[in-house]
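# Observations on the three-dimensional arrangement
Residue-level listing of the chains:
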Amino acid sequence: MVNVVNVMERKKRLNRMQVKQYESQYAERVAKLLNEHLPFQEENTQTVEQAGGVRYIYVDGEEVVGYIAGYEPQNLKEEMPYFEDELHEIHEVARKKTTFYTSHLVVHPDYRGSGIGRALVAAYMEKVAQIADALIAVGWVKSDTGKWDAEKLFAAFGLETFCYIPQYFKPYEVYCPSCQTICYCDAHIYYKDFTKNN
């Protein structure tokens, strides 16, 4: 009987959970999620609201348990100002094509492994493919694990490795929970050209 109850509870929970386009009413909950689980910079309702671009949330009832965001930067060099030699080619692509920069992907640890990341990336990629020629994602390769949690996920959606940059985050001088100090994690820069699919 316990199994039947667990199955029923899980079905109820899954019925409550869904991907939604970001709306202002969720700003405070998104800021909380980012501050607790992707704490590179302090977020608040104002910074979340000002982010703009293409944004999706994953909600469990009214709790935000996942978030993805990206936008078209006016100047990619301002978003990625360091490692100019390594990133020269991608800066050129962004100058010539409408390119989206994926700024956030976070899923609450209690919900990881349940398909939320996949659902968020799918919704985001579908929308971005309609309005952009290319997409960039900077993968956070954690110093304590040597892995980027979402690497396989982005690869499954057709993004390819552009380059790998050791200690990519160090010049940004942001705190990192993986390093437990100023971040010195590596980055995997991933790229997708939507025009190649047409």
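Above: the structure in question.
Below you will find a few notes about this structure. (Residues numbered from 1 in each chain as written. Predicted model: local features only at pLDDT ≥ 70, side-chain atom pairs only at ≥ 80, totals over all residues. Heavy atoms only, no water.)

Taking strand neighbours across the sheet as the criterion, the seven strands line up as β1-β2-β3-β4-β5-β9-β6 in an open arrangement whose pairing is mixed. A single partner strand is all that each edge strand has here, and the edge strands are β1 (17–21) and β6 (160–165). Averaged over all adjacent pairs, the angle separating strand axes in this sheet is 20 degrees, with direction ignored. Examined bridge by bridge, β1 and strand β2 (residues 54–60) share five bridges and lie antiparallel to one another. Opposite Lys 20, over in β2, you have Ile 57 as the bridge partner. Sheet strands touched by helix α2 (residues 27–37): β2, β3 (63–71) and β4 (99–107). Its angle to β3, the strand with the most contacts, is close to 85 degrees. Helix α5 (residues 84–96) contacts β4, β5 (134–141), β6 and β9 (186–193) of the sheet and is inclined by roughly 140 degrees relative to β6. (Pairing = 2+ DSSP bridges. Helix = DSSP H or I, 4+ residues; strand = E, 2+ residues; numbered from the N terminus. Axes fitted to C-alpha atoms, helices over the stretch in contact; angles between N-to-C directions. Contact = heavy atoms within 4.5 Å.)

Residues Val 30, Tyr 67, Met 80, Tyr 168 and Ile 189 are the most contacted members of the largest nonpolar core, which totals 37 residues. Residues in contact with Val 30, not counting those within four places in the same chain, are Tyr 22, Val 48, Ile 57, Val 64 and Tyr 67. Counting 27 residues, the second largest nonpolar core, distinct from the first, contains Ala 150, Leu 153, Phe 154 and Phe 194. (Core = buried A, V, L, I, M, F, W, Y, C linked by side-chain atoms within 4.5 Å. Buried < 20%, exposed > 50% of the residue type's maximum accessible area, 1.4 Å probe, protein only.)

What the rule picks out here adds up to seven aromatic pairs. Taking 5.9 Å as the distance between ring centres and 65 degrees as the angle between the ring planes, the aromatic pair formed by Tyr 71 and Tyr 101 counts as edge-to-face. Taken together, the residues Tyr 71 in strand β3 and Tyr 101 in strand β4 connect sequence positions 30 residues apart. Grouping residues by exposure puts Tyr 71 and Tyr 101 together as buried. Consider the rings of Trp 148 and Tyr 190, whose centres lie 5.1 Å apart with planes at 65 degrees: the pair is edge-to-face. One end of the pair, Trp 148, is in the loop between β5 and α7 (151–156); the other, Tyr 190, is in strand β9, and 42 residues separate them in sequence. (Phe/Tyr/Trp six-rings, centres within 6.5 Å; stacked < 30°, edge-to-face > 60°.)

With that settled, consider α5. Between its terminal C-alpha atoms α5 stretches 17 Å, which fits the 18 Å expected from 13 residues at 1.5 Å a residue. Where α5 bends most, the angle comes to about 30 degrees, and this point is Ile 90. The complete set of buried residues in α5 reads Leu 87, Ile 90 and His 91. (Expected span 1.5 Å × (residues − 1). Bend = angle between axes of the 7 residues up to and from the residue.)

Residues of α2 that are buried include every one of Ala 27, Val 30, Ala 31, Leu 33, Leu 34 and His 37, and no others. End-on view of α2: buried residues confined to an arc of 160 degrees, all on one side of the axis. (Arc of directions from axis to C-beta.)

Bringing the pairing of β4 into the picture now. Two faces belong to every sheet, and in a regular strand the side chains alternate between them. β4 sits mainly inside the fold: seven of its nine residues count as buried. Strand direction decides the pairing type here: β4 and β5, joined by four bridges, are parallel. When the bridges of β5 are listed, Thr 99 appears paired with Ala 134.

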